[in-house]
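Below, each chain spelled out in residue letters.
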Amino acid sequence: MPKILAFTGLPLLILLIWHCKDSQLESDYFNPSVLATHYNGEGFVGSATCLECHAEIYDTHIQTAHFNTSALPTEQSIKGSFDAGSNILELKEAELTMVSEPGAFYQHAQSKFRNDKETRSKFDLVIGSGVKGQSYLTWETDTLYQLQVSYYTPTDRWINSPNFPEYMTKRPVNDACLKCHVTFAENKEPTGGSNQYVKEHLVLGVDCERCHGPAQKHVLHHRNNPKDSTVGYMLHLKNLSRQKRLDICVQCHSGLRARQIKGNPFSFVAGEDLEAYSQNFYTGRPENELDVHGNQYGLLKSSKCFQQSLTMDCTTCHDPHTNQRGNANTFNRKCIGCHGAAQLTCKLDVSETAKMGNNCIACHMPLSPSKSMQVKVDKEGMAIPVYIRSHLIAIYDSLPQKTDRSDAGND
Ligand code: HEC
Ligand code: HEC
Ligand code: HEC
Ligand code: HEC
Ligand code: HEC
Ligand code: HEC
Ligand code: HEC
């Protein structure tokens, strides 16, 4: 290279590159990159984009079960063990071995009786933050399947996926499975019924935009108008009717809602009427027949607290942006907020309530066995139910044992 270029050309070149980089950065800045486009035409930009203006909410949100309910596989996100000795799951008719290689994790499956050859499937997506357990999904080009192996937190073991047979199998995963565990997925079939997806358009986690709606225009508006402190292009959830506020949570916490009336399982966005999109096949079933798993809404709606107060909704007790698991005091304060001195208070003798540490929820929202969510913890074992906090706030005949560890941080 001639010396002269080094003296005059190089600084110029640097300046030129610098300038291009800068203007490119600038337009990147104003136009957040769109991760996927909703069926209504609005763009998803992801919670990392919210960080610059909503840092406080972002910091607590990323610690929630919602944010972590679906993730890419890493040593941290997969709770099960790949260590020799703990990495084998024996089923009646198959043996599964979980193997980790640098940057990749696999399930090897071998049939015990049939002459099938061993299959090797990659862990591509982790479903479940690990509060109770996890399941795993695998891509075959752009079709999505659930692996046979799952993980059960209370025993810290690999298990057969709930409702899977004892022989080698994998199960196609469509929108009806994904809809509550991701923010958005673009199915290649408009009804959402296939297990074929546009892989690049998957938005993982129950992220900000699943509850608030796709936010591309909001971000663009506030980046272009940094002094504007009135909200642009964003729904005020606080001003919605009680039912519409509930619907934000109800889309995922009211049973399967398998009867799709309009669009597909990802069509509904906050502010719309959920019943117009999807319903349960059963309606009006008595509350004692509703399963505690995934139907907090049905149970809460059957409670006197809900029926006889005008304002109670999920956010009366839950802060949607923080991880409140195990924080019994926070919840008990909510009860006392309506059941304090002047109002209806507990009738039970104080000496009795003191035995349960005055923990209102231990007696009135007891941990209850799920009928639909059961796991087999060993090869011969019986199916055991997963315990879930009932949202039927009521007076129960039998008082719980002191084993309700609702204040111990993990149930
Ligand atoms: C460039 C700055 C900026 C970015 C980026 C941004 N916001 Fe905002 N947002 C604001 C401002 C300013 C307000 C109004 C003042 C306030 O509430 O903080 C606001 C308000 C809101 C509100 C309250 C609406 C109401 O009820 O009043 C929500 C919800 C919201 N933003 C969601 C998001 C989400 C989700 C993202 C990320 C996808 C995001 N914002 C990214 C600037 C931003
Ligand atoms: C897109 C579906 C979806 C929406 C919308 C949704 N949830 Fe959830 N929620 C889930 C799933 C899935 C889990 C289980 C997460 C896990 O542990 O993997 C969950 C877990 C929870 C938990 C337990 C958290 C924990 O630490 O174990 C609470 C409480 C909760 N949701 C409340 C709400 C409330 C309140 C709303 C509305 C403001 C809401 N959810 C909206 C899907 C959703
Ligand atoms: C209608 C919404 C909905 C659908 C559909 C759904 N789930 Fe869930 N799932 C939930 C909710 C809500 C929870 C946690 C709270 C509860 O158990 O009530 C949960 C919990 C889980 C957990 C335990 C997570 C943890 O951290 O403890 C796993 C694993 C899981 N689901 C896997 C799946 C798989 C795999 C599918 C698809 C075959 C699926 N779910 C379909 C709503 C749903
Ligand atoms: C599970 C659903 C859910 C998720 C996920 C969620 N929000 Fe919210 N958010 C709500 C609800 C519901 C309200 C209204 C709360 C109320 O009325 O008290 C709200 C309120 C807000 C507000 C208004 C101010 C406030 O604190 O009440 C802002 C800003 C906001 N959310 C931003 C975000 C951002 C940014 C993220 C992601 C980092 C996020 N939200 C994730 C449900 C959610
Ligand atoms: C928004 C206010 C509100 C909150 C919060 C609230 N309740 Fe209630 N609760 C009520 C009302 C109103 C009634 C009905 C009073 C009546 O029957 O006169 C009620 C009734 C009850 C009953 C009697 C139920 C029956 O079937 O007879 C119990 C028990 C109860 N609440 C416990 C709780 C517990 C425990 C919590 C906290 C987890 C709680 N409540 C939170 C308003 C509330
Ligand atoms: C009166 C207070 C109250 C209301 C209202 C309420 N919850 Fe809860 N919720 C609780 C308590 C208490 C827990 C147990 C928390 C714990 O054990 O850490 C809980 C736990 C949960 C869990 C985790 C269950 C488990 O066992 O893993 C989910 C999911 C949930 N709530 C969703 C909802 C949804 C959705 C709504 C609205 C339909 C709602 N909640 C309304 C008090 C309430
Ligand atoms: C040890 C279990 C236990 C604990 C802890 C407990 N309760 Fe109760 N509660 C009961 C029983 C049992 C009854 C029914 C008593 C009766 O009718 O004689 C009751 C009755 C009630 C009633 C209905 C009163 C009426 O007049 O009909 C309310 C409201 C209530 N409890 C709220 C609470 C609140 C709020 C807390 C927490 C501060 C709490 N309870 C703690 C067991 C408990």
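A brief report on the enclosed structure follows. A quick note: this is a predicted structure, and the numbers were derived from the prediction, not measured.

Concerning the overall build of the chain
Helix and strand counts for the chain come out as 12 helices and 18 strands. Split into buried and exposed, the 411 residues of the chain put 39% on the buried side. Pairs at least 24 apart in sequence give 54% of the contacts found in the chain among residues at least 6 apart. Summing over all exposed atoms, the chain offers an accessible surface of approximately 23,800 Å²; the carbon and sulfur share of this is 56%.

Quick word on the coordination of the iron atom of ligand 1
Around the iron atom of ligand 1, the protein contributes the donor atoms H54 (NE2) and H218 (NE2), which lie 2.0 Å from the metal centre. Considering all six donor atoms around the iron atom of ligand 1, the spread of angles at the metal, 89 to 179°, places the coordination shape in the octahedral class. Of this pair, H54 sits in the loop between strand 2 (43–44) and helix 2 (55–61) while H218 sits in helix 5 (residues 216–224); the two residues are 164 residues apart in sequence, bridging distant segments of the chain. Of the residues examined, H54 reaches a relative accessible area of 40% and is grouped as partly exposed.

Things to note about the coordination of the iron atom of ligand 2
Geometry sets the ideal angles at a metal, namely 109.5 degrees for four tetrahedral donors and 90 or 180 degrees for six octahedral donors. Here the iron atom of ligand 2 is held by the protein donor atoms H66 (NE2) and H253 (NE2), which lie 2.0 to 2.1 Å from it. Angles of 88 to 179° at the metal separate the six donor atoms of the iron atom of ligand 2, which places the site in the octahedral class. Taken together, the residues H66 in the loop between helix 2 and strand 3 (70–71) and H253 in the loop between helix 6 (242–250) and strand 15 (259–260) connect sequence positions 187 residues apart. Note on H253: relative accessible area 31%, which makes it partly exposed.

Details of the site of ligand 2
Around ligand 2, a shell composed of 20 residues is seen, among which H66, T69, C249, C252 and H253 lie nearest. In this structure, an oxygen atom belonging to ligand 2 sits 2.6 Å away from a side-chain N or O atom of T69. At a separation of 2.7 Å, an oxygen atom of ligand 2 approaches a polar side-chain atom of S129. Residue-level mapping places the shell around ligand 2 at the junction of two domains, with at least three residues from each of domain 1 (67–204) and domain 2 (312–389).

Details of the nonpolar core
Ranked by size, the top nonpolar core spans 17 residues in total, and within it I78, M98, F123, Y136, V149 and W158 carry the most contacts. Mapped by element, the contributors of at least two residues to this core are strand 5 (94–101), strand 6 (104–111) and strand 10 (143–152). Beyond its immediate chain neighbours, meaning those up to four positions away, I78 contacts P73, F105, F123, V126, Q134, Y136 and W158. Counting residues in hydrophobic clusters, the runner-up holds 16 residues, among them A36, L125, L144 and L202.

What about the pattern of salt bridges?
Evaluated as defined, the whole model comprises nine salt bridges. In this structure, K217 and E42 form a salt bridge, with 3.1 Å as the shortest nitrogen-oxygen distance. Here E42 lies in the loop between strand 1 (36–37) and strand 2 and K217 lies in helix 5, a separation of 175 residues in the sequence. Of the charged contacts, one joins D313 and R245 as a salt bridge, the two residues approaching to 2.8 Å between their closest N and O atoms. In this pair, D313 sits in the loop between helix 8 (304–307) and helix 9 (314–317) while R245 sits in helix 6, placing the two residues 68 residues apart along the sequence.

Some thoughts on the pairing of strand 9 (residues 133–140)
Of all eight residues that make up strand 9, six are buried, and the element is covered over most of its length. Where strand 8 (residues 125–127) and strand 9 come together, three bridges link them in antiparallel fashion. Bridge pairing links V126 to Y136 in strand 9. What sits between strand 8 and strand 9 in their antiparallel hairpin is a turn of five residues, with G128 showing a positive phi close to 105°. Examined bridge by bridge, strand 9 and strand 10 share seven bridges and lie antiparallel to one another. By the bridge assignment for strand 10, E140 is matched with T143. Hairpin connection from strand 9 to strand 10: two residues lie between these consecutive antiparallel strands, with T141 at a positive phi of about 45°.

Concerning the packing of aromatic side chains
Considering all chains together, one arrives at 12 aromatic pairs under this definition. Ring centres of F184 and F266 lie 5.8 Å apart, and the angle between their planes is 70°; on these two criteria the pair is classed as edge-to-face. Of the two residues, F184 is situated in strand 13 (residues 182–184) and F266 in the loop between strand 15 and strand 16 (278–279); the sequence distance between them amounts to 82 residues. Take F184: its relative accessible area is 1%, and that puts it in the buried class. Here a set of aromatic residues connected by ring pairs shows up, and it is made of F82, F105, F123, Y136, Y151 and W158. The ring of Y106 has R120 lying over it, and the distance from NZ or CZ to the ring centre is 3.7 Å. It is R242 that lies over the ring of F306; its NZ or CZ is 4.0 Å from the centre.

Conventions adopted
Residues numbered from 1 in each chain as written. Chains lettered and ligands numbered in written order. Predicted model: local features only at pLDDT ≥ 70, side-chain atom pairs only at ≥ 80, totals over all residues. Heavy atoms only, no water. Helix = DSSP H or I, 4+ residues; strand = E, 2+ residues; numbered from the N terminus. Buried < 20%, exposed > 50% of the residue type's maximum accessible area, 1.4 Å probe, protein only. Contact = heavy atoms within 4.5 Å. Areas by Shrake-Rupley, 256 points an atom, 1.4 Å probe, with all protein chains shown as cover. Donors = N, O, S within 2.8 Å, 3.2 Å for Na, K, Ca; no water. Tetrahedral: all angles 85-135°; square planar, octahedral: opposite > 155°, others 65-115°. Near = heavy atom within 4 Å. Polar contact = N/O pair within 3.5 Å; in protein donor to acceptor, adjacent residues only side chain to side chain. Domains from an automatic or database assignment. Core = buried A, V, L, I, M, F, W, Y, C linked by side-chain atoms within 4.5 Å. Salt bridge = Lys/Arg side-chain N within 4 Å of Asp/Glu carboxyl O. Pairing = 2+ DSSP bridges. Phe/Tyr/Trp six-rings, centres within 6.5 Å; stacked < 30°, edge-to-face > 60°. Lys NZ or Arg CZ within 6 Å of the ring centre and 35° of its normal.

So far we have only geometry, and geometry alone does not tell us how the molecule works.
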